[in-house]
Amino acid sequence: MSGCIGSSTSNIDATSINSHLKSGDASFNQAANATNKFQYDEALTDCNNALSDFNLAESSAKTGLKYAQDSNDNIYVNYMQYVISELDTKINATTELKTAIPYLQENDTVNANTHISLSNGYMDKAIEFKTDRDNLVLQNPSKFK
């Protein structure tokens, strides 16, 4: 996440948002890898860690959205909305993966695969929001440092 240049927007804690987003991504990826290796307890722990980081990032991003709205600058508002949407879909993806794991433990592959498929769909959507966010930065380089 790029830092925003501006008055109200300078209060946006981009460092915290970015840090928790990266940690959440790493934990989610570890959870997926652990699931693929049938290490379900580790996968559940990693899911919980990812959810914690994504929720912390989302909380900071929602505060950042208020600052962006106060700045009356639609580019910053749109950027923060993309961040929140990305985080929301990652929270959903992680929740679906976490829901799938007990089904895997019980060898209920039908229900497990339903939740894994939903998780994958949410992560695909999260990538779209990140792309939208990155494109907004590329189109407005003077607004981001």
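Residues numbered from 1 in each chain as written. Predicted model: local features only at pLDDT ≥ 70, side-chain atom pairs only at ≥ 80, totals over all residues. Heavy atoms only, no water.

1. Considering the overall build of the protein
Then comes step 1: Scanning the protein from N- to C-terminus turns up four helices and zero strands.
Then comes step 2: Its C-alpha atoms put the protein at 55 × 20 × 20 Å along the principal axes.
Then comes step 3: Per-residue burial for the protein yields a buried fraction of 43% across its 145 residues.
Then comes step 4: Here the protein contributes 11 positive and 18 negative side-chain charges, whose respective centroids are spaced 8 Å apart. (Helix = DSSP H or I, 4+ residues; strand = E, 2+ residues; numbered from the N terminus. Buried < 20%, exposed > 50% of the residue type's maximum accessible area, 1.4 Å probe, protein only. Lys, Arg positive; Asp, Glu negative; His and termini not counted. Charge placed at Lys NZ, Arg CZ, Asp CG, Glu CD.)

2. Focus: the side chain of D53
Then comes step 1: Among the secondary structure elements, D53 is positioned in helix α2 (residues 40-70).
Then comes step 2: For D53, the side chain forms a polar contact with the side chain of H20, separated by 2.8 Å.
Then comes step 3: If we ignore the near neighbours within four places in the chain, the residues touching D53 are H20, S23 and G24. (Polar contact = N/O pair within 3.5 Å; in protein donor to acceptor, adjacent residues only side chain to side chain. Contact = heavy atoms within 4.5 Å.)

3. Some details on the packing of aromatic side chains
Then comes step 1: Taken as a whole and assessed by the stated rule, the structure comprises three aromatic pairs.
Then comes step 2: The interplanar angle of 80 degrees and the centroid separation of 5.6 Å between the aromatic rings of Y76 and F144 together place this pair among those described as edge-to-face. Of this pair, Y76 sits in helix α3 (residues 74-105) while F144 sits in the segment after α4 (109-139); the two residues are 68 residues apart in sequence, bridging distant segments of the chain. As far as the burial class goes, Y76 and F144 line up, both buried.
Then comes step 3: With a centroid separation of 5.0 Å and 45 degrees between ring planes, the pair formed by Y79 and F144 is classed as tilted. Of this pair, Y79 sits in helix α3 while F144 sits in the segment after α4; the two residues are 65 residues apart in sequence, bridging distant segments of the chain.
Then comes step 4: Looking at Y79, the relative accessible area reads 1%, which means it is buried.
Then comes step 5: Residue class for F144 comes out buried when judged on its relative accessible area of 7%.
Then comes step 6: Members of the aromatic cluster, each reached through a chain of ring pairs, are Y76, Y79 and F144.
Then comes step 7: Above the ring of F129, the side-chain terminus of K125 is found at 5.2 Å from the ring centroid. (Phe/Tyr/Trp six-rings, centres within 6.5 Å; stacked < 30°, edge-to-face > 60°. Lys NZ or Arg CZ within 6 Å of the ring centre and 35° of its normal.)

4. Describing the nonpolar core
In summary, soluble globular proteins display a tendency toward joint burial of nonpolar side chains.
Then comes step 1: Residues F28, F54, A61, Y79, M80 and L87 are the most contacted members of the largest nonpolar core, which totals 34 residues.
Then comes step 2: Contributions of two or more residues to this core are made by α1 (14-36), α2, α3 and α4.
Then comes step 3: For this core, the element with the most residues is α3, which contributes twelve residues.
Then comes step 4: Among residues more than four places away in sequence, those in contact with F28 are A50, F54, A93, T94, L97, S119 and M123. (Core = buried A, V, L, I, M, F, W, Y, C linked by side-chain atoms within 4.5 Å.)

5. Looking at the side chain of H115
Then comes step 1: Relative to the helices and strands, H115 resides in helix α4.
Then comes step 2: Of the residues examined, H115 reaches a relative accessible area of 17% and is grouped as buried.
Then comes step 3: If we ignore the near neighbours within four places in the chain, the residues touching H115 are E96, T99, A100 and Y103.

6. Regarding α2
Then comes step 1: Its 31 residues place the ends of α2 45 Å apart at the C-alpha level, agreeing with the 45 Å of an ideal helix rising 1.5 Å per residue.
Then comes step 2: N72 occupies a position one or two residues after α2 and carries a positive phi of about 55 degrees. (Expected span 1.5 Å × (residues − 1).)

7. Overview of the packing of α1 against α3
Then comes step 1: At their nearest, the axes of α1 and α3 sit 11 Å apart, and the two run at 25 degrees to each other. Put simply, α1 runs roughly parallel to α3. Our pair here, α1 against α3, has a crossing hand that is left-handed. Of the residues in α3, those in contact with I17, L21, D25, F28, A31, A32 and T35 of α1 are M80, V83, E86, L87, K90, A93, T94, L97, I101 and L104.
Then comes step 2: By residue class, the composition of the contact of α1 with α3 is twelve nonpolar, two polar and three charged. (Axes fitted to C-alpha atoms, helices over the stretch in contact; angles between N-to-C directions. Parallel < 35°, antiparallel > 145°, perpendicular 65-115°, else oblique. Left-handed = near helix turned anticlockwise from the far one by under 90°. Nonpolar A, V, L, I, M, F, W, Y, C, P; charged D, E, K, R; others polar.)

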